[in-house]
Amino acid sequence: MRLVSGTLRAMFAGVSFCALAVATPSNAQELKELNILLPNNNTTGLYPVIVARELGLFEKQGLKINWLDSDTTVPYVAFLSNGQADAVMLDAPQTFQAVNAKLTIKVVYEAMQNAPEVVAVRDDSPIQNVSELKGKTIGLASDRDQVTVQVVLDTAGISIDEVKTVVVGDTGPVMAKAFRDNSIDAIAAAINDLTTIESSGIKTRDITPPEVKINPANTFSVWEPRIEELRPHLEKFFLVWTMGTAAAKIDREAVSKMSAKSVPEEWATEELGQSLLSGAMITNLPVTEKYGDVQHDVWKKVQGPYIKFEQIEAEVDPALFLDGSFIDAANQFDEEELKNMLAEWKAANP
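Residues numbered from 1 in each chain as written. Predicted model: local features only at pLDDT ≥ 70, side-chain atom pairs only at ≥ 80, totals over all residues. Heavy atoms only, no water.

## With respect to the nonpolar core
Inference 1: Residues Y109, F220, F237 and W241 are the most contacted members of the largest nonpolar core, which totals 55 residues.
Inference 2: Take this core: its biggest share by element is 12 residues, from helix α10 (residues 227-250). (Core = buried A, V, L, I, M, F, W, Y, C linked by side-chain atoms within 4.5 Å. Buried < 20%, exposed > 50% of the residue type's maximum accessible area, 1.4 Å probe, protein only. Helix = DSSP H or I, 4+ residues; strand = E, 2+ residues; numbered from the N terminus.)

Right, here's the structure in full:
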């Protein structure tokens, strides 16, 4: 669930495990508080949060969101079980691990239906597809990207033992240097890492098979015993999340300006910021007709590689942990009204 590149992550190193309230003092007493745990609540990679904050969408729904940002090693699902978080963002392996451990969680909204992890080569590389990686050296942004390599290679019938892998780090200049020095033939990283590589002078080309990218990469889960207690408020939260996500499709210019205002370090150049936003739109905009819809067939299909590479123990019936009962409410927004709100924000923020 890596949403910020190494270079950018260092800029957020001072963020501790704390609650950042978005409500204004004048109406704070009237708002229902929700504690939401994300890997980061102020990054272009999760621009729906930025849009919601800039437009005051949560307050308009009567919500005050306490964002729980954390680099803690404690599993995110633990914050659900102990009641510290009302909803947390998990990736697919974390979800399966929780379900295999018999924890009563429910996936209720798929925030990202495309995986952010990719395998890429230099734009001028003779390598055109995954089948040509056999015998090559693949750099890893972090050791967590080893699984990405295994899954990607497996689509071409190549074992991880038939390539050489080396952790090169996840800062743009270091990854770019590894390509420039010809010490690696490909890189396994997050899509936003490719942006930082290109900002360091090396253009890349994504060769990840499309079928690998269809993955419930980051989804919202809740503790099943609390669903009905939280339903009225979570329905509003997911409605706002949907609106924030849709905003980039409706008015990319507005979202660009909001992101540059909120995270100027990610927009050191317009090209860098726009590249980050493009990657974020790929991962955040849905592949399903409805925003956030849960995909039983995808959750079933992705388990095979995770089991094969020992990320999870055994196959689980998706019906045991998927709950699509929030989706209709999450999609009840007026697109024209949102368009007008974005236009008004641009007018007020020239």
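## Quick word on the pattern of salt bridges
Inference 1: What the rule picks out here adds up to 16 salt bridges.
Inference 2: For the salt bridge of K106 with E224, the shortest nitrogen-to-oxygen distance reads 4.0 Å. Of this pair, K106 sits in strand β5 (residues 105-114) while E224 is found in the loop between β11 (214-223) and α10, placing the two residues 118 residues apart along the sequence.
Inference 3: A cluster of three or more residues bridged by salt bridges with shared partners is formed by D251, E253, K257 and K346. (Salt bridge = Lys/Arg side-chain N within 4 Å of Asp/Glu carboxyl O.)

## Regarding helix α5 (residues 92-100)
Side chains that are three or four residues apart share a direction in an α-helix, a result of its 3.6 residues per turn.
Inference 1: When α5 is considered as a whole, its buried residues turn out to be A92, P93, T95, F96, A98 and V99.
Inference 2: Where the residues of α5 are buried, they touch α4 (76-81), β4 (87-90), β5, β11, α13 (296-301) and α14 (303-308).
Inference 3: Positive phi appears at K102, one or two residues downstream of α5, with a value of about 65°. (Contact = heavy atoms within 4.5 Å.)

## A look at the packing of aromatic side chains
Inference 1: Following the criterion strictly, the structure yields 16 aromatic pairs and no others.
Inference 2: Judged by centre distance (5.8 Å) and plane angle (85°), the rings of F96 and F321 are edge-to-face. Taken together, the positions of F96 in helix α5 and F321 in the loop between α14 and α15 (327-330) put the pair 225 residues apart, joining distant regions of the chain. Across this residue pair, the class does not change: F96 and F321 are buried.
Inference 3: Centroid distance F237 to W241: 6.0 Å. Interplanar angle 40°. Geometry classified as tilted. (Phe/Tyr/Trp six-rings, centres within 6.5 Å; stacked < 30°, edge-to-face > 60°.)

## Overview of unusual backbone geometry
Inference 1: The phi dihedral of K102 falls on the positive side, at around 65°, and the residue is not glycine.
Inference 2: Considering the arrangement of structural elements, one finds K102 in the loop between α5 and β5.
Inference 3: On the basis of relative accessibility, which here comes to 71%, the residue K102 falls in the exposed class.

## Considerations on the sheet that holds strand β7 (residues 137-140)
Either a parallel or an antiparallel arrangement is found when strands of a sheet pair, and the pairing is made through backbone hydrogen bonds.
Inference 1: The mixed open sheet is built from 5 strands, whose spatial order is β8-β7-β9-β6-β10. Each end of this open sheet is capped by a strand with a single partner; those strands are β8 (164-167) and β10 (204-206). Within the sheet, the average angular offset between the axes of one strand and its neighbour, ignoring direction, is 30°.
Inference 2: In this sheet, strand β9 (residues 186-190) lies alongside strand β6 (residues 117-122) in antiparallel orientation, the contact comprising 4 bridges. Looking at β9, one finds that V119 is bridged to A188.
Inference 3: Contacts from helix α8 (residues 191-199) reach β6, β9 and β10, with the element oriented near 120° to β9. (Pairing = 2+ DSSP bridges. Axes fitted to C-alpha atoms, helices over the stretch in contact; angles between N-to-C directions.)

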